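Summary of the model geometry
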Amino acid sequence: MAEQNNSSCSSHCGSCSANCPSRKSGIEKLPLGEGSSVKKVIGIVSGKGGVGKSTVCSLLASAMNKEGFHVGILDADITGPSIPKAFGLLHDGVALSEDGKSMVPETSNGGVEIISTNLLLENETDPVIWRGSMIANAVKQFWQEVEWKEIDYLFVDMPPGTGDVPLTVFQSLPIDGVIIVTSPQDLVSMIVEKAVRMAEKMNIPILGIIENMSYLLCPHCNEKINVFGESHIEELCQKEGLELLAKLPIDSQNASYMDAGAVEAIDTKESLKTAVACLKKLIQS
Ligand code: ADP
């Protein structure tokens, strides 16, 4: 069970007197299914689609797995699920637990446990044409009806934006902190600030920001080229009092690894070291 401020949290606010963030929001978080346990739930969010949220989610999960933690990914980006492909998992159905009551996540080569709608579809290219309420229910099922066995970090690849579905996910799951993924263009339109305000309104701590596609390294002279214009991420972090966890370059080789289902082969030891340190600190709290 993910803990809020209270180590004995049962997520049943009605029978508890602790004054924690989930109570302040007035919404009771969903408990996990029987036998499941998750120490920390990390939401990976973005103000809009296409900034590399799923890529960063996959890289972070893989990085924490390589640090020796037991890691899971709940792919809540129901209509654009790209996590299984990044880890090379096939969409050949998901196994059921012995009692038939819950789904068993698929395990990547490196040992990351993953659940996603794409694992359940007959064809990888089948669209998920569902109303918002159905999408939100699918996410709740992925939380409650999946065997999450002794997970240290469960990364939730959130639906993009600040609409109805991410709102329901924020309200339903006991998220310990969010990491906001952005790109230099995204900042210009200040969409990131909407994601910041949303997390604040939901009383969910923001662990920090990762700027993706931040720059391109010239393969000839190693000069940093600001493809999307100059980044203003440092100013934004200062203004909002947020930690800059990483600036990731545009990297066509990494994109090819992702396409080939080999995200775990990407070396992020240097590029994600601040983010990894932040997550390690969180689990000790
Ligand atoms: P989102 O989840 O925000 O919609 P994705 O993670 O699916 O975005 O990324 C969108 C596309 O951009 C994918 O094809 C991905 O491989 C590519 N991409 C993401 N980050 C990078 C990067 N740093 N360098 C090169 N390509 C990237």
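Our structure is the block above this text.
First, a word on what this report is: a plain description of the structure on this page. (Residues numbered from 1 in each chain as written. Predicted model: local features only at pLDDT ≥ 70, side-chain atom pairs only at ≥ 80, totals over all residues. Heavy atoms only, no water.)

Observations concerning the nonpolar core
Judged by nonpolar contacts, the single largest core of 82 residues is most densely connected at Leu60, Leu74, Phe155, Ile210 and Leu272. With seven residues, helix α2 (residues 53-66) is the single largest residue contributor to this core. Beyond its immediate stretch of four places on either side in the chain, Leu60 contacts Ile44, Phe155, Ile179, Ile210, Leu272, Ala275 and Leu279. (Core = buried A, V, L, I, M, F, W, Y, C linked by side-chain atoms within 4.5 Å. Buried < 20%, exposed > 50% of the residue type's maximum accessible area, 1.4 Å probe, protein only. Helix = DSSP H or I, 4+ residues; strand = E, 2+ residues; numbered from the N terminus. Contact = heavy atoms within 4.5 Å.)

Comments concerning the layout of surface pockets
Volume-wise, the largest pocket comes out at about 660 Å³. If you go around the largest pocket, you meet 32 residues; those closest to its centre are Thr55, Leu59, Asn212, Asn254 and Met258. Breaking the lining of the largest pocket down by element, the ones donating at least two residues are α2, α3 (83-86) and α9 (252-259). No other element matches α2, which puts five residues into the lining of the largest pocket. Looking at the lining of the largest pocket, its residues break down into twelve nonpolar, twelve polar and eight charged. (1 Å grid on protein atoms, 1.4 Å probe; cavity = no way out; pocket = protein on both sides within 12 Å on 5 of 7 lines; lining within 4 Å. Points joined across faces, edges and corners; volume = space filled by probe spheres on them. Nonpolar A, V, L, I, M, F, W, Y, C, P; charged D, E, K, R; others polar.)

Let's talk about the environment of His232
Counting through the fold element by element, His232 comes out in the loop between β9 (224-225) and α8 (233-240). In this structure His232 comes out as partly exposed when scored by relative accessible area, which is 38%. Residues His232 and Gln185, 47 residues apart in the sequence, show an inter-C-alpha distance of 9.7 Å.

So, helix α7 (residues 191-201)
Taken as a whole, α7 has its buried residues at Ile191, Val192, Glu193, Ala195, Val196, Met198 and Ala199. Just beyond α7, the residue with positive phi is Asn203, at close to 60°.

Some remarks on the packing of α7 against α8
Their axes nearest at 12 Å, the elements α7 and α8 cross at an angle of 25°. Looking at the two axes, α7 sits roughly parallel to α8. Crossing of α7 against α8: the hand is right-handed. Judged by residue contacts, Val192, Glu193, Val196, Arg197 and Glu200 of α7 engage Leu236, Lys239 and Glu240 from α8. Tallied by class, residues from the contact of α7 with α8 come to three nonpolar, no polar and five charged. (Axes fitted to C-alpha atoms, helices over the stretch in contact; angles between N-to-C directions. Parallel < 35°, antiparallel > 145°, perpendicular 65-115°, else oblique. Left-handed = near helix turned anticlockwise from the far one by under 90°.)

Digging into the site of the ligand
Taken together, 14 residues form the shell around the ligand, and within it Gly50, Lys53, Ser54, Thr55 and Asp251 come nearest. One of the backbone nitrogen or oxygen atoms of Gly50 is found 2.8 Å away from an oxygen atom of the ligand. At 2.9 Å, a backbone N or O of Asp251 approaches a nitrogen atom of the ligand. Bound to the protein, the ligand loses 73% of the 560 Å² it would expose on its own. Placement of the ligand is best described as lying within the largest pocket. By residue number, the principal contributor to the shell around the ligand is α2, which donates three residues. Considered class by class, the residues forming the shell around the ligand number five nonpolar, seven polar and two charged. (Near = heavy atom within 4 Å. Polar contact = N/O pair within 3.5 Å; in protein donor to acceptor, adjacent residues only side chain to side chain. Areas by Shrake-Rupley, 256 points an atom, 1.4 Å probe, with all protein chains shown as cover. Sits in = over half its atoms within 2 Å of the grid points.)

What to know about the packing of aromatic side chains
This structure, assessed with the given rule, holds two aromatic pairs. Geometrically, the ring pair formed by Phe69 and Tyr153 is edge-to-face, given 5.1 Å between the ring centres and 85° between the ring planes. Of this pair, Phe69 sits in the loop between α2 and β2 (71-75) while Tyr153 sits in strand β5 (residues 151-157); the two residues are 84 residues apart in sequence, bridging distant segments of the chain. Members of the aromatic cluster, each reached through a chain of ring pairs, are Phe69, Tyr153 and Phe155. Over the ring of Tyr215 we find Lys224, and its NZ or CZ is 4.4 Å from the ring centre. (Phe/Tyr/Trp six-rings, centres within 6.5 Å; stacked < 30°, edge-to-face > 60°. Lys NZ or Arg CZ within 6 Å of the ring centre and 35° of its normal.)

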